[in-house]
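Observations on chain architecture
Chain by chain, the residues run as shown.
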Amino acid sequence: TLNRTSGGLPAERDTLCVRFKVMRCRYCPTQGQSLMEVAQYWWGSDWVQIWGANAHIRNPLKIQPNELLTLGPTYLVKRGDTVSRLAARFGLSRDRLELLNPHIKGVSLQAGVDLCVMPEVCVGQEHTVNEPRRSSYVAGQ
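Definitions and limits used
- Residues numbered from 1 in each chain as written.
- Predicted model: local features only at pLDDT ≥ 70, side-chain atom pairs only at ≥ 80, totals over all residues.
- Heavy atoms only, no water.
- Helix = DSSP H or I, 4+ residues; strand = E, 2+ residues; numbered from the N terminus.
- Buried < 20%, exposed > 50% of the residue type's maximum accessible area, 1.4 Å probe, protein only.
- Contact = heavy atoms within 4.5 Å.
- Salt bridge = Lys/Arg side-chain N within 4 Å of Asp/Glu carboxyl O.
- Phe/Tyr/Trp six-rings, centres within 6.5 Å; stacked < 30°, edge-to-face > 60°.
- Disulfide = S-S within 2.5 Å.
- pLDDT = per-residue confidence, 0-100.

**Considering the overall build of the protein**
Regarding its fold elements, the protein presents four helices and eight strands. The N-to-C order of helical and strand elements in the protein reads β-β-β-α-α-β-β-α-α-β-β-β. Across the 141 residues that make up the protein, the buried fraction comes to 35%. For the protein, long-range pairs separated by at least 24 residues make up 56% of all intrachain contacts whose partners lie at least 6 apart in sequence.

Here's what the structure looks like:
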């Protein structure tokens, strides 16, 4: 939505306000990124969890640049929810929940807002992916 703050014809001093909706728990990788690198970019998330959320990816070492990836589930805030209660419910620290959702830091949660809730799974486990003539090893976080 574009709204001009002044009436009449556009002028150099006009201010445009742009409103857009951010897709929570989504990411578009850059050229050459693997799921392991995407997971590390998202604050040490587990790449196996991200791979599980993207069943269309056959090889986690080869993902397409600008392909919309699902990083994890989202949760629609309900009336009465608090950051602390939701963090406990999804097995996250309050800091991690706020890191994944910077729009909630320091404010009261509003019903109807989407939150990215990437619970930590497979913590401390090791995962190996093998590809013909190439092996990649990543330790779980």
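Okay, back to it.
**Points about the environment of Gly106**
Residue position: Gly106 is located in the loop between helix H4 (94-100) and strand S6 (114-116). Judged by its relative accessible area of 75%, Gly106 falls in the exposed class. Gly106 sits 23 residues away from Val83 along the chain, and the two C-alpha atoms are 9.8 Å apart.

**Some remarks on the pattern of salt bridges**
Evaluation of the coordinates by the stated rule reveals two salt bridges. In this structure, the salt-bridge partner of Arg94 is Glu98, at a minimum N-O distance of 3.3 Å. One end of the pair is Arg94 and the other is Glu98, both in helix H4 and four residues apart, which spans about a single turn. For Arg94, a relative accessible area of 40% puts it in the partly exposed group. What makes Glu98 buried here is its relative accessible area of 9%. A salt bridge links Lys105 to Glu98; its shortest N-O distance comes to 3.9 Å. Residues participating in the shared-partner salt-bridge network are Arg94, Glu98 and Lys105.

**Details of the packing of aromatic side chains**
All chains considered together, the criterion is met by five aromatic pairs. Both rings, one in Tyr27 and one in Tyr41, keep their centres 5.2 Å apart while their planes meet at 35 degrees; by these two values the pair is tilted. Within this pair, whereas Tyr27 is found in strand S3 (residues 26-27), its partner Tyr41 is found in helix H1 (residues 35-41), the two being separated by 14 residues in sequence. Centre to centre, the rings of Tyr27 and Trp42 are 5.8 Å apart; their planes meet at 85 degrees, and the pair counts as edge-to-face. Here Tyr27 is found in strand S3, whereas its partner Trp42 is found in the loop between H1 and helix H2 (47-52), with 15 residues between them in sequence. Per residue, the accessibility class of Tyr27 equals that of Trp42, and both read buried. Clustering of aromatic rings is evident, with ring pairs tying together Tyr27, Tyr41 and Trp42.

**Points about the state of the cysteines**
For the structure shown, the criterion picks out one disulfide. One disulfide bridge connects Cys25 with Cys116, the sulfur atoms lying 1.8 Å from each other. Taking the sign of the torsion about the S-S bond as the criterion, the disulfide between Cys25 and Cys116, at about 85 degrees, is right-handed. Here the residue Cys25 occupies a position in the loop between strand S2 (16-18) and S3, and Cys116 occupies one in strand S6, the gap between them amounting to 91 residues. With respect to burial, Cys25 and Cys116 carry one shared label: buried.

**Concerning the confidence of the model for the protein**
Taken as a whole, the protein shows an average pLDDT of 81; of its residues, 75% reach a score of 70 or greater. Ranking the helices and strands of the protein by mean pLDDT puts strand S5 (residues 74-76) first, with 95, and strand S8 (residues 134-139) last, with 45. For residues 132-141, every residue scores under 50 in pLDDT, and the model assigns this stretch 25 contacts once sequence neighbours within four places are set aside.

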